[in-house]
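A look at the structure
As a plain string of letters, each chain reads:
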Amino acid sequence: MFHGVITALVTPFRNGEIDEERFREHIERQIEAGVDGIVPVGTTGESATLSYAEHKRLIRIAVEQARGRVPVIAGTGSNNTAEAIELTQAAKEAGADAALLIAPYYNKPTQEGLYRHYKAVADAVALPQILYNVPSRTASDIRPETVARLAEHPHIVGIKDATADMTRLLETLARVPKEFAFLSGDDATVFPFIACGGRGVISVVSNIAPRTMKALVDAALRGDWEEARNWQMRVMPLVRALFVRSNPMPVKAACAMLGWMEPEVRLPLVPLDAEAEGLLRRVLGEAGRTLLDSLKPVF
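Note that the coordinates shown come from a computational prediction; the quantities given were computed from them, not determined experimentally. (Residues numbered from 1 in each chain as written. Predicted model: local features only at pLDDT ≥ 70, side-chain atom pairs only at ≥ 80, totals over all residues. Heavy atoms only, no water.)

**Quick look at the overall build of the protein chain**
Helix and strand content of the protein chain: twelve helices and ten strands. Relative to the 2.2 N^0.38 estimate, which gives 19 Å for 299 residues, the radius of gyration of the protein chain is 18 Å and therefore close to what a compact globule would have. When the backbone C-alpha atoms are referred to their principal axes, the protein chain occupies close to 50 × 45 × 35 Å. By residue count, 55% of the 299 residues in the protein chain fall in the buried class. Sequence-distant contacts, at least 24 apart, represent 71% of the contacts inside the protein chain between residues at least 6 apart. With an accessible surface of roughly 12100 Å², the protein chain has 51% of that area assigned to carbon and sulfur atoms. The positive charge centre, built from 34 side chains, and the negative charge centre, built from 37, are 1 Å apart in the protein chain. (Helix = DSSP H or I, 4+ residues; strand = E, 2+ residues; numbered from the N terminus. Rg over C-alpha atoms; globule rule 2.2 N^0.38 Å. Buried < 20%, exposed > 50% of the residue type's maximum accessible area, 1.4 Å probe, protein only. Contact = heavy atoms within 4.5 Å. Areas by Shrake-Rupley, 256 points an atom, 1.4 Å probe, with all protein chains shown as cover. Lys, Arg positive; Asp, Glu negative; His and termini not counted. Charge placed at Lys NZ, Arg CZ, Asp CG, Glu CD.)

Here it is as structure tokens:
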């Protein structure tokens, strides 16, 4: 179920409120472009700034709009284990296919603390769960030996690995069952990640370029290394532009430049500065004229 291109959805806002119409349109755009799944209310969806009610509402909207056409993997992680359980239970009740749980941030738990956190959520909620390791944002790192312990739990089915560390990936792969799903969390290294045994990517870039990312991932999954490598190289200017400032500020701005939603983000995030906006606009223009021409109208 969990493979290919899975889009980490942005959350559209208008005047400080969730823009449900634009959110539904964005999900539809992704599904029409052929993505293999969607993730509402993850990091890219500004989950840290959402109320519980908004968080749960966005999961419900995503499930309703997807209508079973693609898996919905709801972001339900927290640095508070009780809160993670509550959000994961809400995702199950809303009909989500799985939950994505970021490593507890700020608290800096030990490996034993990480293990007990994830085990507590998996014990409490009978829903497929995917670990999410992104030490650069959380100051918390799920080590391979801890992943291996957690992979023994029947409700823990995979990991989103945003370390961009292929040595780490290979070391972890060697410790877990074959069916355990490895998904990249780094758009810049999707090709080598799949070449080393990954099954796909939970992607920021696919918010604006789902067909491009689909072409890259599909080529890699079928073992067409030359085509996959070429797609990875060609998409790199877009990847760099979409991470010129903290995610999701650039990708939200890009969606606005394409006319899909307002550029609004919630504090402490702010709109792009003029330098970053100019770079992003230039790269989008070049992509529209060259790199992604054959994949229009949805990049």
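**Looking at the sheet that holds strand β6 (residues 98-102)**
Taken in spatial order, the eight strands make up an open sheet running β4-β1-β10-β9-β8-β7-β6-β5, and their pairing is parallel. One side of each edge strand has no neighbouring strand; the edge strands of this open sheet are β4 (37-39) and β5 (73-75). Looking at each pair of strands side by side, their axes are set apart by 30° on average, direction ignored. With four bridges joining them, strand β8 (residues 156-161) and strand β9 (residues 181-184) adopt parallel strand pairing. The residue bridging K160 from the neighbouring strand is L183, located in β9. Helix α4 (residues 111-124) rests against β6, β7 (129-133) and β8 of the sheet, and its axis sits at about 160° to β7. Sheet strands touched by helix α9 (residues 210-221): β1 (4-8) and β10 (200-203). Its angle to β1, the strand with the most contacts, is close to 145°. (Pairing = 2+ DSSP bridges. Axes fitted to C-alpha atoms, helices over the stretch in contact; angles between N-to-C directions.)

**Here's the deal with the packing of helix α1 (residues 20-33) against helix α2 (residues 52-66)**
In a packed pair of helices, the relevant descriptors are the angle between the two axes and the axis-to-axis distance. With their axes 10 Å apart at the nearest point, α1 and α2 run at an angle of 45° to one another. By the angle between their directions, the pair α1 and α2 is classed as oblique. Two packed elements cross with a definite hand, and for α1 against α2 that hand is right-handed. Contacts between α1 and α2 pair E20, F23, R24, I27, E28 and I31 from the former with R57, L58, I61, A62, E64, Q65 and A66 from the latter. (Parallel < 35°, antiparallel > 145°, perpendicular 65-115°, else oblique. Left-handed = near helix turned anticlockwise from the far one by under 90°.)

**Some remarks on the packing of aromatic side chains**
Per the counting criterion, the structure on display carries two aromatic pairs. Ring geometry for F180 against F182: centres 5.6 Å apart, planes inclined by 70°, an arrangement best described as edge-to-face. When sorted by exposure, F180 lands in the same class as F182, which is buried. Taken together, a centroid distance of 6.2 Å and an interplanar angle of 55° make the contact between F191 and W225 tilted. Remark: W225 occurs in helix α10 (residues 225-242) and F191 occurs in helix α8 (residues 190-195); sequence separation between them is 34 residues. Lying across the ring of Y115, R149 places its NZ or CZ 3.7 Å from the centre. (Phe/Tyr/Trp six-rings, centres within 6.5 Å; stacked < 30°, edge-to-face > 60°. Lys NZ or Arg CZ within 6 Å of the ring centre and 35° of its normal.)

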